Amino acid sequence: MEEVVSGSPGVRRFGHRQTTFSVKILVANRGEIAVRILRACREMGVPSVAVYSACDRTALHVGLADEAVAIGASPAAESYLHIERVLEAARATGATAVHPGYGFLAENARFARACGDAGLTFIGPSPEVIETMGGKTAARRAAVEAGVPVVPGTEALPETLTDEALRDCADEIGYPLFIKAVAGGGGRGMRRVADRAGVVAGVAAARSEAGAAFGESTVYFERLVERARHVEVQVLGDGHGVVVPFVERECSIQRRHQKVIEESPSVAVTPAIRAALAEAAVALSTAVSYASAGTLEFLLDAAGHVYFLEMNTRLQVEHPVTELVTGIDLVQWQIRIARGEPLTVDPDRALRPEGHAIECRVYAEDPDAGFIPSPGRITALRGPSGPGVRDDSGVEAGFDVPVFYDSMISKVSTWAPDRAGAIARMRSALHEYQIGGITTAIPALLWVLEQPRFLDGAFDTGFLDEVLAARAGESFSELTTEQTDMAVVAAALSAYLSGPQTTAATTGPTPWRQAARLDGVRR
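Quick summary incoming for the structure in this document.

1. Focus on the nonpolar core
Now for step 1: If you look at the biggest cluster of nonpolar residues, it comprises 103 residues, and the most contacted ones within it are L26, F111 and I261.
Now for step 2: Ranked by the residues each element gives to this core, the list is headed by helix α1 (residues 31-44), at eight residues.
Now for step 3: The residues contacting F111, other than those within four sequence positions of it, are A28, I83, V86, L87, V98, L105 and F122.
Now for step 4: Residues A143, V150, V235 and A280 belong to the second largest nonpolar core, which totals 25 residues.

2. A short note on the pattern of salt bridges
Now for step 1: Inspection of the entire model under this criterion finds 38 salt bridges.
Now for step 2: Salt-bridge contacts for E209 lead to R191; the nearest nitrogen and oxygen are separated by 3.0 Å. Within this pair, whereas E209 is found in helix α8 (residues 199-214), its partner R191 is found in strand β9 (residues 191-193), the two being separated by 18 residues in sequence.
Now for step 3: On the basis of relative accessible area, R191 is assigned to the partly exposed category, the value being 28%.

3. Notes on the packing of helix α5 (residues 127-134) against helix α6 (residues 136-145)
A packed helix pair is summarised by two numbers, namely the angle formed by the two axes and the spacing between the axes.
Now for step 1: At their nearest, the axes of α5 and α6 sit 5 Å apart, and the two run at 90° to each other. Comparing the axis directions of α5 and α6 gives the class roughly perpendicular. Residues E131, T132, M133 and G134 of α5 lie in contact with α6, whose contacting residues are K136, A138, A139 and A142.
Now for step 2: Each residue belonging to the contact of α5 with α6 can be placed in one class, and the counts come to four nonpolar, two polar and two charged.

4. Brief notes about the packing of aromatic side chains
Now for step 1: Applying the stated criterion across every chain yields a total of ten aromatic pairs.
Now for step 2: When the ring of F104 is compared with that of Y405, the centres are 6.1 Å apart and the planes differ by 85°; the resulting orientation is edge-to-face. On the criterion of sequence distance, the pair formed by F104 in the loop between β6 (97-99) and α4 (109-117) and Y405 in the loop between β23 (400-401) and β24 (408-416) is long-range, its members being 301 residues apart.
Now for step 3: Between W447 and F476 the ring centres are 5.6 Å apart and the planes differ by 75°, which places this aromatic pair in the edge-to-face class. With a gap of 29 residues between them, W447 in helix α14 (residues 442-449) and F476 in the loop between α16 (463-471) and α17 (481-498) connect regions that are remote in the sequence.
Now for step 4: Given a relative accessible area of 16%, W447 falls into the buried group.
Now for step 5: Aromatic rings pair up to connect Y80, F104, F404 and Y405 into one cluster.
Now for step 6: The lysine or arginine in question, R229, covers the ring of F459, its NZ or CZ lying 4.6 Å from the ring centre.

Criteria and cut-off values
- Residues numbered from 1 in each chain as written.
- Predicted model: local features only at pLDDT ≥ 70, side-chain atom pairs only at ≥ 80, totals over all residues.
- Heavy atoms only, no water.
- Core = buried A, V, L, I, M, F, W, Y, C linked by side-chain atoms within 4.5 Å.
- Buried < 20%, exposed > 50% of the residue type's maximum accessible area, 1.4 Å probe, protein only.
- Helix = DSSP H or I, 4+ residues; strand = E, 2+ residues; numbered from the N terminus.
- Contact = heavy atoms within 4.5 Å.
- Salt bridge = Lys/Arg side-chain N within 4 Å of Asp/Glu carboxyl O.
- Axes fitted to C-alpha atoms, helices over the stretch in contact; angles between N-to-C directions.
- Parallel < 35°, antiparallel > 145°, perpendicular 65-115°, else oblique.
- Nonpolar A, V, L, I, M, F, W, Y, C, P; charged D, E, K, R; others polar.
- Phe/Tyr/Trp six-rings, centres within 6.5 Å; stacked < 30°, edge-to-face > 60°.
- Lys NZ or Arg CZ within 6 Å of the ring centre and 35° of its normal.

Without other data, these values stay purely geometric and don't point to any function.
Structure, rendered in structure tokens:
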């Protein structure tokens, strides 16, 4: 039951539960990650506050919180990225802590510091650690000091460098190389450069994109490690000197440097490599006195060498696969660490996976149109379920997917005793996932899951872009002959049972076949 609070404009209260802890958490985010955090709060008996923009008033996360506060217009800069409005929502509701989720303000040191200045507990690392590890070049320096190997690269490139000086810096690193934004992530502000001729244009494009995405246009050069895998290590640090590393996540299935499918463990990681990854993660996290959940990203080359890339000082999108193979709730531990509790996680359990887990990111995108966003109203929704299936969704039927934010609407994760079983469950789950009114990338995900190199585990970070390019624009919605024939039989049987029968012979496409093909495309 919703209650509009007298004297507190914009505050809505829902009265979901009795509380057992004195802390009250404001979730400074939206979508599936806000839902995930709010559910953790409910399980722990912690009162919660949601914030929402104009277009998110009816969003799923709003109704799951005990209270909800409108913080501005739909553009993120006027709501979820507006620090003072988030802090005002905390003051209006009496919140004592803020969980930033991922994205938006999650790795903003100024926001973390503002929370502390306002007397709020920031559920994450300290502002100083965010400043050190959130900037990629600063994190590289910290890694070198901690004895952790890094990919050859430069410091941040001054804006005053001449074109010729930029080319000379690139020559010293060697080609091919990446131009990378110092701030942010998700593949934004990144350009691949094959030779000296492409350096200046690549820097200009990367700076422009980084400035638009993160408000920070500084970039640096990093040598490209050919045919490498992207693996990462989850850590929890408790602020009492304890850092626990977790079994690795495999994140090499990427489209234009953005993760699409993740899994744990990696088929390419041997016990020796796992030990090296864990040792490096603990060394660097300990060196910066890391407290909270964080993730260290590495490249793994064909020879088994690991190189530190960067650290994400927040919860990762793909954290469910780690939870599924370890049974450890990372979000609840973030909250417990923020309350000052020491870690009691068994390190052996964290590094010893039980079974195999895979996650697919479900985007409101049209894969037949270059994966452009597909906003609109969700007219019907049936999520996947069953043994070993987890659906982290941020939407429900009737919700309008907005144009203002990232287009990911849910994450489907599956667990099974082995990788083949997890893949089989994922294919079943995605086939079961029905979303009406918008287009999603599910057909493309199903296609990837059928590729021989994926099934064999013989892939690297360039795999997905390569196989997508080889399709040459072929539609993901085309049915195979077998699928078409099965759909024709089903449509024919349905028509026979529900309508008048006819025996007239026809030539060419029949209404049944046309209906079956349309139905298959929609699915």
